[in-house]
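Close look at the chain arrangement
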Amino acid sequence: MPFITIKRKTVAVILVLVLAVVAVAATAASVITSTRAENGVTIVIDPGHGGADGGVVGRSTGTKESDINLSVAKYLADYFKKSGYNAVLTRNDMGSVEGAVKYSKRGDMKARRQIVEKCSPDLVISVHCNSYPMESVSGAQVFYSKSATLGKQFADTVQGYFNEVLNKKARSAAVGDYYILNCTEYPSILCECGFLSNREDEKNLITASYQEKVAYTIFSAVNSVFYDKA
């Protein structure tokens, strides 16, 4: 980036402008790696919720969805990085993506979109946990945008792996009207890793070993699609 000479009297004005946008801009910049992936493929991994928005909670333990999402996402990013992908997390800690003092759902989602747009990824994977009034409902499921042909291909593949590895009862990938699936032109999927309203799913999802298992299942499925395309 070229250096810019600034007159002393304009410094105060510039500082005010910078402070007004620093939460979103700094967040987006801090998570984007400057190195190219070995295989030229970039994956944005979006741990759902965070900060004041904890998402759903476990029926028995009260564990926040946002914490599980982050753990799964970190395992997932590690698998991709070790296999030569450029993996970018929209958040790296328990806070919101926006990073503002006062949480704003609109601002948080805007920050996620900006990260995706800056990365120009080959795929966006949003990680979530589900909940339902009926405790008996269980299993992992994948969602994709109605108009996304490539997104559907990834979703169907990941769902097949979920059914093979994680689910007792097979589920089908489905169209989902979620912001992260529709806010950019890049292929995107949203993975609901299980139901925190189901005691068995919850018991599994709060353990590191199962979180890593979920991450490896997603990675294996996505990697198989890119391998077939190579």
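Preceding block: the structure.
These notes cover the structure that comes with them. Counting starts from 1 at the beginning of each chain's written sequence and moves along it residue by residue. Whole-chain, interface and lining totals are the exception, using all residues; otherwise, since this is a predicted model, local features are given only for residues with pLDDT of at least 70 and side-chain atom pairs are given and counted only at 80 or more. The basis for every side-chain value is the complete set of heavy atoms in the structure, and neither hydrogens nor water enter the calculation.

**Here we look at the nonpolar core**
- As used here, the term nonpolar core means buried Ala, Val, Leu, Ile, Met, Phe, Trp, Tyr and Cys residues forming a set that is joined through side-chain atoms within 4.5 Å. Whether a residue is buried, partly exposed or exposed follows from its accessible area with a 1.4 Å probe, protein chains only, as a fraction of its type maximum: under 20%, in between, or over 50%, in that order. Ranked by size, the top nonpolar core spans 40 residues in total, and within it I45, F80 and I125 carry the most contacts.
- The way it works is that DSSP assigns letters per residue, a run of H or I at least four long becomes a helix, a run of E at least two long becomes a strand, and they are numbered from the N terminus. Among the elements of the structure, strand 1 (42-47), helix 2 (65-82), strand 2 (86-89), strand 3 (123-130), strand 4 (141-144), helix 4 (149-165), strand 6 (188-195) and helix 7 (208-229) are those that each provide at least two residues to this core.
- No other element matches helix 7, which puts nine residues into this core.

**Topic: the side chain of E192**
- Tracing the sequence through the fold places E192 in strand 6.
- Definition of a polar contact: a pair of N or O atoms within 3.5 Å, with one able to donate and the other able to accept a hydrogen when the atoms are protein atoms, and with sequence-neighbouring residues admitted only if both atoms are side-chain atoms. For E192, the side chain forms a polar contact with the main-chain nitrogen of N130, separated by 3.2 Å.
- The contact definition used throughout considers only heavy atoms, calling two residues in contact when any of these lie within 4.5 Å. Those residues in contact with E192 that lie beyond four places of it in its chain are H128, C129, N130, G139, A140, Q141, F143, F162 and Y178.

**Section: the packing of aromatic side chains**
- Aromatic pairing here means that ring centres of Phe, Tyr or Trp (its six-membered ring) are within 6.5 Å. Orientation follows from the plane angle: under 30 degrees is stacked, over 60 is edge-to-face, and everything else is tilted. A complete count under the given rule lists eight aromatic pairs for this structure.
- Between the aromatic rings of F80 and F219, the centroid separation amounts to 5.1 Å while the plane-to-plane angle is 80°, which identifies the pairing as edge-to-face. Residue F80 is located in helix 2, and its partner F219 is located in helix 7; the two are separated by 139 residues in the primary sequence. The same class applies to F80 as to F219, namely buried.

**Things to note about the environment of S188**
- Looking at the secondary structure, you find S188 in strand 6.
- Taking the relative accessible area as the measure of exposure, S188 reaches 2% and is therefore buried.
- The spacing of S188 and I125 is 63 residues in sequence and 5.9 Å in space, taken between C-alpha atoms.
- Excluding anything up to four places from it in sequence, S188 contacts L123, V124, F143, Y144, G151, I180 and L181.

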